[in-house]
Structures are given as C-alpha cells and as structure tokens.
Amino acid sequence: MEVQKIKSIEKATPTDIIKKLKTGIPVTDSGSGNVCGLLELSGGLSSAKNKFSSMPNGQVSLAFGSRVLQSKVLFIGGGVGYFSVFESQSSEIISFVPLYLRLKSNFSKKKTSPYILFDAGYSFALTSGYEGGLYSKVGLGVQHNATAKTSIYWGAFTSIQNFTGALTETNNALPYNYYGNSSIVNFGLNIGLQF
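Residues numbered from 1 in each chain as written. Predicted model: local features only at pLDDT ≥ 70, side-chain atom pairs only at ≥ 80, totals over all residues. Heavy atoms only, no water.

A.B. asks: Please clarify how the confidence of the model for the chain should be interpreted in this entry.
C.D. replies: A low pLDDT means the predicted coordinates there should not be read in detail. Put simply, the chain has an average pLDDT of 87, and 83% of its residues get 70 or more. Across residues 26-30, confidence stays below pLDDT 50; counting only partners more than four residues off in sequence or on other chains, it has 12 contacts. (pLDDT = per-residue confidence, 0-100. Contact = heavy atoms within 4.5 Å.)

This is the structure in structure tokens:
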C-alpha cells in the first residue's frame, strides 16, 4: 500500500459505517458536510378570486441550509424563488420573487423516504401595477438519496401568494373594477435536487 494514496483517516464504529451505507445519509450533523442546497422546479394551476381562474404557473427556487439537525433528516434554511402566473385572458405574466424560510423533513433515514415541506415568507411583485404579500407553501412527496450528499425529490404542492392589484367583481350582473387585495392559490407538482 502506498502512503501517498491515503487521503484521510477517520474513526468510526461498525454501526456508523452500516448506517451510512444503508441510508446514504451522513450519521453526524457537524461540520461543513451538513450544509446543502435545494434547487427546485414547480408547475401547476393557479386561481385568484376576482382576478382569474385555472391559469398555468411556474416557479424555480434555490435554498441553502442544513441537511441534518440533531441526527434527524430535517432541512432548515432560507431560499429565494421566481414565481409566475401566465394570465391568458389579458396575455399578462404576473411575476413575484418570494423570499422564504423552509423546513423539509423526511419521515425516515432510509434511502427512499416520504417527506413533507413547509415554506413561509414574503413575495415581492415584479409586474407593474401589483404589490407583493405573504407567501406560504406546503408539499408532500418522496426523496431518493442517490449518494450521501445528493438526493432527488418529487411530489405535489399547494401554495398561497397574497397580492394587491387590479381586480374585477361582478354585482347584479355588472362588472366593478377596483384596486384591492386577493390571494393566488396554486396547486401542482414539483421536482428538486438536494446537493
């Protein structure tokens, strides 16, 4: 054996080695190996009271945080995204930049496990004539650990984006235009990479 080929020597119990091989998840939560990122793509349908119904939406987001907290597979961190609704009636794209805190918990340390996630934050409107508001998202799905540090996950989500903008309400069969508050309710599917 050549000494030059040895990169590092670590102390580990047989139990730690078996746990890491079975789950693909590091057994300790200390050090820089615990920091990870989440890159996620989402898409589905949106509706907003007094604005539109069943319009397509899309979102890309990036979050950074810790992958393990006190030996539990729990991501906790912060993220930023770009969310758009494609409003076909007026050919308008309504866009927001959500800033959020994310919690994502796996139900087990197995190589493939169900997860639940929750985002909470505030979105800033990018489209002229709109103002942002509170943002929240809940998702359920499955995560598969490809390696000790890389995982893919997919599932379904629902989210709510509050906003202020031009709305139309119908009273006595007559449309009434006003500037006010409403919420975009979103449903769809997402896929992500944890790295």
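Picking up where we left off.
A.B. asks: Can you walk me through the pairing of strand β6 (residues 133-145) in this structure?
C.D. replies: Residues in a regular strand project their side chains so that they alternate between the two faces of the sheet. Judged from the 12 bridges that link them, strand β5 (residues 112-125) and β6 form a sheet pairing that is antiparallel. Bridging across to β6, Tyr115 finds its partner in Gly141. Sheet topology places β6 next to strand β7 (residues 151-171); 11 bridges connect them, and they run antiparallel. From the neighbouring strand, Gly139 faces β7, where its bridge partner is Phe157. (Pairing = 2+ DSSP bridges. Helix = DSSP H or I, 4+ residues; strand = E, 2+ residues; numbered from the N terminus.)

A.B. asks: Hey, could you run me through the environment of Asn162 in this one?
C.D. replies: Relative to the elements of secondary structure, Asn162 occurs in strand β7. Of the residues examined, Asn162 reaches a relative accessible area of 25% and is grouped as partly exposed. When the C-alpha atoms of Asn162 and Glu131 are compared, they prove to be 8.9 Å apart, with 31 residues separating the residues in sequence. A distance of 2.4 Å separates a polar atom in the side chain of Asn162 from a polar atom in the side chain of Ser183. (Buried < 20%, exposed > 50% of the residue type's maximum accessible area, 1.4 Å probe, protein only. Polar contact = N/O pair within 3.5 Å; in protein donor to acceptor, adjacent residues only side chain to side chain.)

A.B. asks: What's the story with the packing of aromatic side chains in this structure? I'm lost.
C.D. replies: Two numbers describe a pair of aromatic rings. These are the distance of the centres and the angle of the planes. According to the stated counting rule, one finds 7 aromatic pairs in the structure shown. Consider the rings of Tyr100 and Tyr135, whose centres lie 6.1 Å apart with planes at 45°: the pair is tilted. Remark: Tyr135 occurs in strand β6 and Tyr100 occurs in strand β4 (residues 92-106); sequence separation between them is 35 residues. Residue Tyr100 is classed as buried on the basis of its relative accessible area of 5%. (Phe/Tyr/Trp six-rings, centres within 6.5 Å; stacked < 30°, edge-to-face > 60°.)

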